[in-house]
Every structure is written in structure tokens, then in C-alpha cells.
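# Residue-level structural notes
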Amino acid sequence: MNFNFINLQPYSNPQYFIYLLIALLPIIIGLYFGKRLKNYEAIFSLVFLFLIFDGNHWQEGINLIIYLIYEFLITFGYLHYRTKKDSPNKSWVFNLAVVLAILPLTAVKILIQMPKGTVPFVVGFLGISYITFKNVQVIMETRDGVIKQIDPLTYARFLLFFPTISSGPIDRYRRFKSDYEKVPSREEYIGDLQLAVRYLFQGFLYKFILGWFFGTYLLPKIAMRGLIAGNAIGGLKLSWWVVAYMYVYTMYLFFDFAGYSLFAVSISHFMGIHTPMNFNKPFISKNIKDFWNRWHMTLSFWFRDYIYMRFTFFAMKKKLIKNRIRLSQVSYFVLFLIMGFWHGLTWYYIVYGIYHATAICINDIWLRFKRKHKDQLPSNKFTQWFAIFLTFQFVCLGMLIFSGYLSQLWFGWQ
Amino acid sequence: MSNRRRLWQIFGPVICAFILLLIVFLIPWDRTFSKEDIFEAANSQNTTVFKGVKMKQEAFDDGYVPFYGSSELSRLDPLHPSVLAQKYHRNYKPFLLGGPGSQSLVHFIGMQGTSSQLKDKKAVVIISPQWFTKQGQNPQAFELYYSPLETIIFLLNAKNTKTDRYAAKRLASMPTMKTGAIKTSLKLIAQGKKLTKTERAWLEARLRMLENEDKFFSAFQLRDRIQKINDQAKLLPNTYSIKGLTAIANEQAAKHTNSNRFGIDNRFFKTRLPHKELSKLRGSQRKFDYVKSPEYSDFQLMLEQFAKQHTNVLFIIPPVNAKWAKYTGLSQKMYEQSVDKIRYQLASQGFENIADLSKDGHRKYFMQDTIHLGWNGWIAVDKAVKPFMSTPNGRYNYAISDYFYSKHWQNRTKVKKIDLTDKASLKDK
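Position numbers for residues count from 1 along each chain, tracking the sequence in the order it is written. Chains carry letters and ligands carry numbers; both start at the beginning, A for chains and 1 for ligands, and go up in the order they are written. pLDDT decides what is reported in this predicted model: residues at 70 or higher carry local features, side-chain atom pairs at 80 or more are listed and counted, and totals for whole chains, interfaces and linings draw on all residues regardless.

Under an unreviewed UniProt entry, chain B has the name Protein DltD and belongs to Lactobacillus pasteurii DSM 23907 = CRBIP 24.76. Looking at the Pathway (unreviewed entry) heading of the UniProt record, one finds this comment for chain B: "Cell wall biogenesis; lipoteichoic acid biosynthesis." UniProt positions are given in the numbering used here, feature names are shortened, and annotations may be inferred rather than shown by experiment.

As recorded in an unreviewed UniProt entry, chain A goes by the name Teichoic acid D-alanyltransferase, listed as coming from Lactobacillus pasteurii DSM 23907 = CRBIP 24.76. Quoted verbatim from the Function (unreviewed entry) field of the UniProt record, the comment on chain A reads "O-acyltransferase that catalyzes D-alanylation of both teichoic acid and lipoteichoic acid (LTA). D-alanylation of LTA plays an important role in modulating the properties of the cell wall in Gram-positive bacteria, influencing the net charge of the cell wall. Catalyzes D-alanylation from DltC carrier protein." Looking at the Subcellular location (unreviewed entry) heading of the UniProt record, one finds this comment for chain A: "Cell membrane".

And the structure:
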């Protein structure tokens, strides 16, 4: 029997939006008239989730279900432990809960690096990283005592919130819950719709026009020329094509990902949920720190709050490092190395992490130097533009490392 | 501001944009492509060009001759038909159609948009026995070459004939065809039913949109191989002679195949047949069978299309690299059996221009790699193409038979050997 499954990967083509918006219509009309159709919304989300994980992707769907059961056990187990009367609130229990929560993601990251054919089953599922981030955040806030109770259904909706399931933006549970439990006033909701439409069309421009142009049209040509020129030169194999690749790849990555994020934010707004933005004009950053406050913001804020800050407090409490400057530097390295490993266990992701950690430390040193010598250093339009220019070059070079093209060039694999 | 007004300000522009887009796509635009674009397209082997219509139509009106084939067309050495035509200012220019994985069924669909342009004209088909596998058209490759535009042209012109029913059935069976108006219409045609008025109207609207898309976008992203053709042409002697060409072919081939004992192009050998791969392939094709295949009936669809257009067609049957076939265990007997079937199917219906090179796989520098023609092989092709192209265009009639759509024919193993030199007996049919 030949089943023709309709399989819809999120935001992959323009038709997808037609199906999506038609399915959203009842929710939109409901919200406009002051009703949140929670049941319809649940069915709608399940249908679209099913369409992601059916057909050839069914093994991923099974993985998702197993994963959810596992994470629910951990989260609610820990919640129970933490909120019971006179909870001992032991650190080791908390640590164990976090380790168990990230265990599946870690396993997936290792397994996908195994040589082809050695792992006899389909590993992971679309969006495992982002669900894990959400989960860990809830466990951490439970530990802090900020989250005292979790409604299982709302929690499931939060984890599986359909518009952001595949690649974020990463929302926070308390923020999501407060949006989800209220119905916006008509004026507010019209404001949401206005943003939703704007983001949707900005997303079209970014992903389907600019992202396509840089990524699908230009990039393969440049990549090929760069490889040919590189093999002709020998040595480090660096030609001007590599420079072109660096800029084009950066543009592609930004427009593709920012476009995708805009779709997710737009669809959330149609549903009356204010999923946070992921990008804020990253290329006008005046330094690296500024860049990380503008680029993939929900991820970098997650890393800031749940890795950088946690590590810093931990190290301070245990008096591991006394010097505050040294401490922040170590924390940066911890943050960016973990981020690098999370991207994948390959040399260029790890180098990318070290690259940015080094950069942000140097940036801190420079800022301190600047503060001390305020009177001697000029600050005007030119220096500000120069800072933006320099940061941009630096960011692009980082993206070249991140792209893996150098690995392709030097070792023939990516 | 009232809510209604705000809503209008938000959604008004979106609605207007959609209406405008619909209008733009439904207006019957016209355009002509530049000669440079067409030349580039003819040699690009792009799937967008393959699936499109307008460029092919203009090209065939302007002295281009379609070369239907598959992966061998991309072997652009100095003796490739495109290079020879360019260098010696022939009265035709090859328009390369097909690439890896294209077989009869996608070619049949790919021919739907140009039937009036090819009326009483010429075409060349490189028909590889490798197409005639147990499965026939490879579904993944079908996905790559499938043209909704030309499928709709087929549907709108389809009649209740064996050919159209068979074609519709085959197309509907491809996994690429999921749901939607095209699939439903194909099923109707396959059952010998008529399309309803609404279906026709829907298909026509869709056709208009696809035609516009084709006109707007098919000149984008062409693979530019003009430079390469010109570079290759520089290697050729200025006056045409088989002797001169053979010298170049031997010289080039010797240089490009010195890394292995099979006479396979060095680069192909290095990238596609590294040691591990190579040892896996030893004896791996012993059981290959090109004799029983649904492809024979798909091929009949192509023939029927040529017959409808009264096109004069030259068929070229390429060999396999004999040293390679020996290594992989591919049976030459089986290969010849499938060639006999192809020859029978052609000659018995009046397609008499057949250049059968299937026994030349042992000749030196005849193949560029494992199964693809190169150097001296291309010269052998030119020996057939050159005289074929110099005959005047005319209306050719064929004696088409529906027998070739039957399972019986698909699975038949024994056929009468056709002697191509005996023109008198051919005429008998």
C-alpha cells in the first residue's frame, strides 16, 4: 500500500503559510472577540506537530514522545522534591536533575558524530536543543524557588509551543504562562496583529528573498570557486574567494535565521503570545558584547542567565577565583566553550567558541582601559563608525570559522 | 482610530498584494530570450530548462536540435557534439536535454511543450540500455525532472487513447505525485474519463501561472559552460577530418586516463571509484538485467510522441566500457539482448535511423568512464549525426503499435534480430 503522507516542515515554503494561516483563523477570530480557544489551539498544534513528524520522520516523532515522558518525570520529580514541606533542597539533587535533563541532548550530540551506519536507529528529533533549553530553565527556576507550581498541560504547551518548536526563539515559562492565561484586550490584540503581519512579511523578505539569494544562489558558486582556487594555490589554500565566502555566508546565516525567527515571532503574535525577538540589528554592534546582546538573543540570554551567572555565583561562593576580573574571564570561556560544544563536536565550533571568548575578554580589557583614560581617547562619529566596522569584520571572520568551510578547504570534510 | 480602520490598515495592503500577485501571474506575458541566454541554456543541462517550455520552444524555432539523453551529455570533452557543432559552424546547434537519472518517462513529459516546434523536424536520442532496469524510471530522479507545467499541457491535450491512458497511469504512480488537481486529473485520464469543466478551468489557471513563472525565471541560474565549450573547441584542428579528430581524441584520452587500467577518466576514477568503492563493485553487476523492464513501454511513449510530431529521429545506442563490464561482471549477452529489443521496437515501427554502438565498448578511448561515451565514442556519434543533420527536414510517418505497452512486451526475452543494413527488409514492415 502506497501511503502518500503530507509532511510539512515548519516555514519551509510559501504554501506552508497558507495552510498555517487558514488553520489559525479560528484562533485569530476568537482572540479578536475576547476568547482564547484553548482546545482548538491544542488540536491545531497537535495536527501541525504530527505533520512535522509523520511520513519519513516518524522515528523522530517516537523519539519526541519518549523524550517528553522522560523530561516530565525529571521536572515533576524535582518539583515535587523542591516544593514538599521542609524540602532539604540539596545541591546534589538539583545537579542530578540538570544532568539528567541534558543527558538526551548530550547523547544526541555525541551520537550524530558517529560514523555513518554505526548507530542503528534514528537519533534525536527536530528541535531537541530548544526543548531542552526550556526544560533546564524551568528546573533552575524551580531550584531558585521562583517557580512553585507547574500545571502539566500548560507546561506541555510551553515545551511543544508549535511556532517555536524547531529552532526557537527560546521563551521563558513564566512569561509564556502569563501570556497564555490572559486574553489580550481588543486594542492590544490589534497591536499584536499589526506586528504579526509586519514580522511575517519581513520574514518573507529575509528568508525567501535575501536568504535565498545569499545562501542558495551565491554561496555554492563561491564555495566551488574557492575550493578550485585553493587547490591550485596549495599551502593554506586561502584565496579572495574565501573572503567572499566569509561575507556571503554571514549574510546568508543572518537572513535565513532572522527570517525564520521572525516567522516564529509572527505566528506567536497571531496566537496572542509575545515570543521574544531573536535579533536586533546585530551588524550595528559597536563591540562584541553588544553583538551578543543583538545576535540570537534568546540563546545568548539563556547562556548568560543559566551558565555565565550560575557559574560566576558558584565560583564566588566556593571562592574558586578571588580576582573578579579573572573570574568573569573564566566564566566567559565556560560559556562560549559550552556553546561551541552544543553547536557540535567538531573542531571549528569549538574554535569558534574560544574565538568569541577571547574576543569578549579583550573587549573587557579595552573597556576598562578606556574608562581609565577617558580624557586622552577621542570619541566621535568616526571612532563610533570605526568600532562598528571593526566589530563587523570580526564577527564575519568568526562566521567563516563557524561555517566549517575552512574544514572543507583544508581537510575535505565539513 | 476605529478598530475597523486599524484592521484595514493592517490587512488591506496584504490583501491588495495578493490580488496584485494573482493578476501579475494570470496576465499572459510575452517575452523573448536573448540568443546568449538560449545558447547558455542549451548547454547547461539545468533542470529548470528541462522542465520549462519557452526556452526550448524558441531554441527549436531557431535551429537548435534536441539531444535527448542522460548523464553522458555532460561529458564535455573536445569531441562532444556541442563542441563539434560550435567549432565547425554546423547548421544545427545541440540543445542538451537530460542528465543523471533522466529516463523515458521524464523525457516524454519534457516533450509535451514543444510538439508544434518539432513538427517535421529532427531530434537525436541517446538511448542507454541502463535505463531499462527492473524498476524503470527512478522515482528520485523523477522528482528532480518532473515538470508540472508540461504535465498540465499533457493533461489538457489528453485523449482516450492507449498512450494517454498508459502515460497518465505511469505518472500517477510516481511518489512525487502526492495529492491535488494534477493527480486527480491523471487518475481520470488513466481511467479513460474526461476532465470536468472545473478541473479544466483550474488546470488552465495553473498553466498560466506556471508559464509565467517559466518566462520570468527560467533564464536565472543557468550553468554557464560556454567558456568551457570554447576552450575545448580550441584544441580541435581547424579543418574537419576524422583522422585529425581521432589524433586529438587519442592524445587527450591518453592524458586523462593514465591512472588506471580501465581507461576511465582520472578524475572520475579518483573521486567516484576510490579503492574501497572499487573493490565493492567487483562482480557486483553479474545479475543486472536490462531485458525485462517497464521502461520499454515508457520508451514507447517517447516514440508515440515523435510519431505524432512526425519528427525524424536519430537513435544512438551507446556501449559499456568493456574492461569495466568485465570487472563488474555485467553480461554482454544480456546487454546485446536488450539492444536487440530496443532495435526491434524502433525498426518495426519505422524508426530506421539507428547508430548502434553497443558492441564498441572494447575500442580504445571510446568511453570516458564506466558507461559514458567520450573521445572516440563521440567521434562515432558524429559519424552518424553529421550525415543525419545534412538530410533535409521532412514529414516522417511511423507505424505505431500499442503492443509495446503490454506486459508481454516488457517481459519478452526473445525477439527477431533486425539487420539495420538491409533497408529493403525494413521497409517491409
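Next comes the rest of the description.
Glancing now at the domain arrangement of chain B. Residues and elements named next belong to chain B. Per the annotation, domain bounds derive from an automatic or database assignment of domains. The assigned domain composition of chain B is domain 1 (1-30) and domain 2 (35-428). Here the C-alpha centre of domain 2 lies 45 Å away from the C-alpha centre of domain 1. This entry defines residue contacts through backbone-placed C-beta atoms, with two residues in contact when those atoms are within 7 Å. Between domain 1 and domain 2, the residue contacts involve 4 residues of the former and 5 residues of the latter. Three classes are used, and their members are as follows: Ala, Val, Leu, Ile, Met, Phe, Trp, Tyr, Cys and Pro are nonpolar, Asp, Glu, Lys and Arg are charged, and the others, Gly among them, are polar. Classifying every residue of the side of domain 1 that touches domain 2 by side-chain character gives 4 nonpolar, no polar and no charged.

This part takes up the pairing of strand S2 (residues 93-97) of chain B. All names here are of chain B. Here a residue counts as buried when 20 or more other C-beta atoms sit within 10 Å of its C-beta, as exposed when there are 12 or fewer, and as partly exposed otherwise, the C-beta atoms being derived from the backbone. Secondary structure counts use DSSP, requiring at least four H or I residues in a row for a helix and at least two E residues in a row for a strand, with both numbered from the N terminus. For S2, a buried count of 4 out of 5 residues is recorded, marking the element as mostly surrounded by other parts of the structure. One bridge is not enough; two strands pair if DSSP finds at least two bridges between them. Sheet analysis places strand S1 (residues 64-68) next to S2, joined by 5 bridges and oriented parallel. Paired with Pro66 across the strands is Phe95, a residue of S2. Crossover handedness is defined here as right-handed if the route from the first strand over the helix to the second strand goes clockwise, with the strands pointing away from the viewer. As for the winding sense of the linkage, the β-α-β connection from S1 through helix H5 (residues 81-87) to S2 is right-handed.

Here we come to helix H1 (residues 14-32) of chain A. All names here are of chain A. Expected span of a helix, by definition, is 1.5 Å for each gap between consecutive residues, and there is one gap fewer than residues. When the terminal C-alpha atoms of H1 are compared, their 25 Å separation across 19 residues agrees well with the 27 Å that a helix rising 1.5 Å per residue should span. Bend, at a single residue, is the angle you get between axes fitted to the 7 residues ending at that residue and the 7 residues starting at it. Where H1 bends most, at Leu24, the angle is about 40 degrees, and the proline Pro26 comes one to four residues later. Taken from the residues just after H1, Gly34 is the one with a positive phi, measuring 80 degrees.

Our focus in this paragraph is the domain arrangement of chain A. All names here are of chain A. Structurally, chain A comprises domain 1 (37-182) and domain 2 (192-411). Distance between the C-alpha centres of domain 1 and domain 2: 26 Å. Taken together, the contact between domain 1 and domain 2 spans 19 residues of the former and 21 residues of the latter. Looking at the side of domain 1 that touches domain 2, the elements with two or more residues in it are helix H4 (91-111), helix H5 (128-144) and helix H7 (173-181). When the residues that make up the side of domain 1 that touches domain 2 are grouped by side-chain class, the tally is 9 nonpolar, 6 polar and 4 charged.

What follows concerns the sheet that holds strand S5 (residues 354-356) of chain B. Residue and element names in this part refer to chain B. The strand order across the open sheet built from 5 strands is S2-S1-S3-S4-S5, with neighbouring strands paired in parallel fashion. With one partner strand each, in any of the chains shown, S2 and S5 form the two edges of the open sheet. Between one strand axis and the next, the sheet turns through 20 degrees on average, direction left out of account. When strand S4 (residues 312-317) meets S5, the two strands line up parallel, connected through 3 bridges. Looking at the pairing, Ile317 lines up with Asp356 of S5. Convention adopted: a line fitted to C-alpha atoms gives each axis, helices being fitted over their contacting stretch, and angles between N-to-C directions are expressed from 0 to 180 degrees. The strands touched by helix H18 (residues 332-347) are S4 and S5; relative to S5, the strand with the most contacts, the crossing angle is about 170 degrees.

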